[in-house]
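Geometric and topological summary
Each chain, letter by letter, is given below.
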Amino acid sequence: MTVLSTEYTWAALGGDPALTARVSTVVRTGVLASRLPVRESARACVGSCALAAAELGALRAGLPEVPGVRVDDGALATALVSERHLLVDGRAPVSFAPLSRFWRTADGWVRTHANYPHHRARLLTALGASEDPASVAAAFAERSSAEAEETVYAAGGLAVALRTAEEWAAHEQGATVAARPLVERGRLDSAPARVLTPIGTGPLLPAAGIRVLDLTRVIAGPVATRTLALLGADVLRVDAPQLPELPDQHTDTGFGKRSAVLDLAADRRAFEELLAGADVVVTGYRPGTLDRFGLSPEALAERGPGVVVAQLSAWGAYGPWGERRGFDSLVQAATGIAAIEGSVTEPGALPAQALDHGTGYLLAAGVLRALSDQVREGGSRFVRLALARTAEWLLSGAERGREAPVDDSAYDAYDGPEPWLAERDSALGRLRYALSPVSFTGGPVDWARPPGVWGTDRPHWVY
């Protein structure tokens, strides 16, 4: 079993190994080109997610066998950069902010993330700099990478020193992450088996009737819940009113969902009602941040036996960095990926935010597998993933070697994203967007609803 394969990720999810025979791949050349095997890892993540959906769908529809799963490299190449294909009334989205980039230090490089106003303010405060990039550059140039990293994090900002893969492996957090499984999953109690109403077979919506409380931000968590929404779940994303999401980011990852704002402390009664009705709770905030609201897996299982709790973090909820914030670009810098993908003169990056997207599809797969296990065996369940652990998996796959070389002339080239793009009207305007790469026989092709205006839905369940 190669480490960067659907067989590997499916085993990490606790799936029946015989079911991987249901997965087929449409190979296309010129897809997600990089020094690291990004295409192989993306196939494994998306393939496992689609297989988990097909498995649950077959279970609920009473099918004699699990539907076939198709992973198309063209769909992967399009979906993993969905934010680049988004158009809103013909306008391209805003990408990284000017202060979110690599900066030279006295002895190397650091990578910052300052897309959100509060992170930008903390970065500038830590450095004693103005918003002028020249001022920020000067402040970093007089510090070592390690000093810059610690100074900015101490102020609540985000800056990570560029490391090689070897340096990350020797770092205490890197070693701690590497010792963990790719997917952490388990049973929390002896709650009775979940009883799900039977579903029809066209289209096959395995998550129909499942209520998902989405407490995530940015990309990986929202990709997971966007996928569950595609599969029929009632997904309600809840944000704090004082922390609005970036508009284009919300649009890209908001398909199929509703969006509400709620102060978890001031509106405690409304929040408790949401928790009481949720079948699945997905969290993507810094580890420990939501525990005071009773959102640890154990607390959620105690108040609502039979719940599935899915948790996502950047660095893992353990080790010296267990409580640190992080994003895909920062994890690439810290773990050695940016060094591998760069040149002798400057760091590089993967061709997509593949840690975010890959982890998001694995998280959705973990939820779907937990639901299937609950139908068969019962029990409240948890699943945890971390971007840094996904990065470790990608790096370890590269170290063990890629799959055997293939003759590219035997396959079609990726000629562009058009076959995997769609358009529709929405409250936000006319949208062009990437379709989901999660595909199985009889499954949905598109979301039932487009994204709406951030925070304008009522904080309650539809059904």
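Thresholds applied
- Residues numbered from 1 in each chain as written.
- Predicted model: local features only at pLDDT ≥ 70, side-chain atom pairs only at ≥ 80, totals over all residues.
- Heavy atoms only, no water.
- Helix = DSSP H or I, 4+ residues; strand = E, 2+ residues; numbered from the N terminus.
- Rg over C-alpha atoms; globule rule 2.2 N^0.38 Å.
- Buried < 20%, exposed > 50% of the residue type's maximum accessible area, 1.4 Å probe, protein only.
- Areas by Shrake-Rupley, 256 points an atom, 1.4 Å probe, with all protein chains shown as cover.
- Lys, Arg positive; Asp, Glu negative; His and termini not counted.
- Charge placed at Lys NZ, Arg CZ, Asp CG, Glu CD.
- Contact = heavy atoms within 4.5 Å.
- Pairing = 2+ DSSP bridges.
- 1 Å grid on protein atoms, 1.4 Å probe; cavity = no way out; pocket = protein on both sides within 12 Å on 5 of 7 lines; lining within 4 Å.
- Points joined across faces, edges and corners; volume = space filled by probe spheres on them.
- Core = buried A, V, L, I, M, F, W, Y, C linked by side-chain atoms within 4.5 Å.
- Salt bridge = Lys/Arg side-chain N within 4 Å of Asp/Glu carboxyl O.

This brings us to the overall build of the protein chain. The helix and strand inventory of the protein chain stands at 17 helices and 17 strands. A compact globule built from 463 residues should have a C-alpha radius of gyration of about 23 Å, and the protein chain, at 21 Å, falls within 12% of that. Along the three orthogonal principal directions, the C-alpha set of the protein chain runs to about 65 × 60 × 45 Å. Per-residue burial for the protein chain yields a buried fraction of 59% across its 463 residues. Carbon and sulfur atoms make up 52% of the accessible area of the protein chain, which amounts to about 17900 Å² in all. Side chains of the protein chain carry 45 positive and 54 negative charges; the gap between the two charge centres is 4 Å.

Along the chain, A79 falls in helix α3 (residues 73–79). Excluding residues within four positions of it along the chain, A79 makes contact with H357, Y361, A434, L435 and P437.

Let us now look at the sheet that holds strand β4 (residues 87–88). Read across the sheet, 3 strands follow the order β4-β17-β16 without closing on themselves; strand pairing throughout is antiparallel. Strands at the two margins of the open sheet, each flanked by one partner only, are β4 and β16 (421–426). When β16 meets strand β17 (residues 429–434), the two strands line up antiparallel, connected through 6 bridges. Counted as the bridge partner of E423 is R432 from β17.

By volume, the largest pocket is sized at about 810 Å³. Lining the largest pocket are 37 residues, with R217, L243, Y285, R286 and T289 positioned closest to its centre. Listed by contribution, the elements that provide at least two residues to the lining of the largest pocket are α5 (117–127), α10 (220–230), β10 (234–239) and β13 (308–313). It is α5 that provides the largest number of residues to the lining of the largest pocket, a total of 3 residues. What the second largest pocket holds in volume is close to 680 Å³. Surrounding the second largest pocket, 29 residues form its lining, E83, S95, F96, N115 and Q353 being those nearest its centre. Taken together, the elements giving at least two residues each to the lining of the second largest pocket come down to α4 (82–85), α11 (247–253) and α14 (328–335).

Relative to the assigned elements, R381 resides in strand β14 (residues 381–386). Residue R381 is classed as buried on the basis of its relative accessible area of 7%.

With that settled, consider the nonpolar core. Ranked by size, the top nonpolar core spans 104 residues in total, and within it W315 and Y361 carry the most contacts. Looking at this core element by element, the count peaks at 13 residues for helix α2 (residues 38–61). Apart from the residues lying within four places of it in its own chain, the contact partners of Y361 are C45, V46, C49, A79, L80, V223, R226, T227, P437 and V438. Of all hydrophobic cores here, the second largest spans 20 residues; its members include L215, L274, L290 and L295.

It is worth spelling out the pattern of salt bridges at this point. Scanning the entire structure with this criterion turns up 28 salt bridges. For D214, the salt bridge identified is with K257, shortest N-O distance 3.2 Å. Here the residue D214 occupies a position in strand β9 (residues 211–215), and K257 occupies one in strand β11 (residues 257–261), the gap between them amounting to 43 residues. Comparing D214 with K257, the two get one shared label, buried. One salt bridge in this structure joins R369 and D373, with 3.1 Å as the shortest N-O distance. Here the residue R369 and the residue D373 both occupy positions in helix α16 (residues 354–377), the gap between them amounting to 4 residues, near one helical turn. Taking relative accessible area as the criterion, R369 reaches 2% and is therefore assigned buried.

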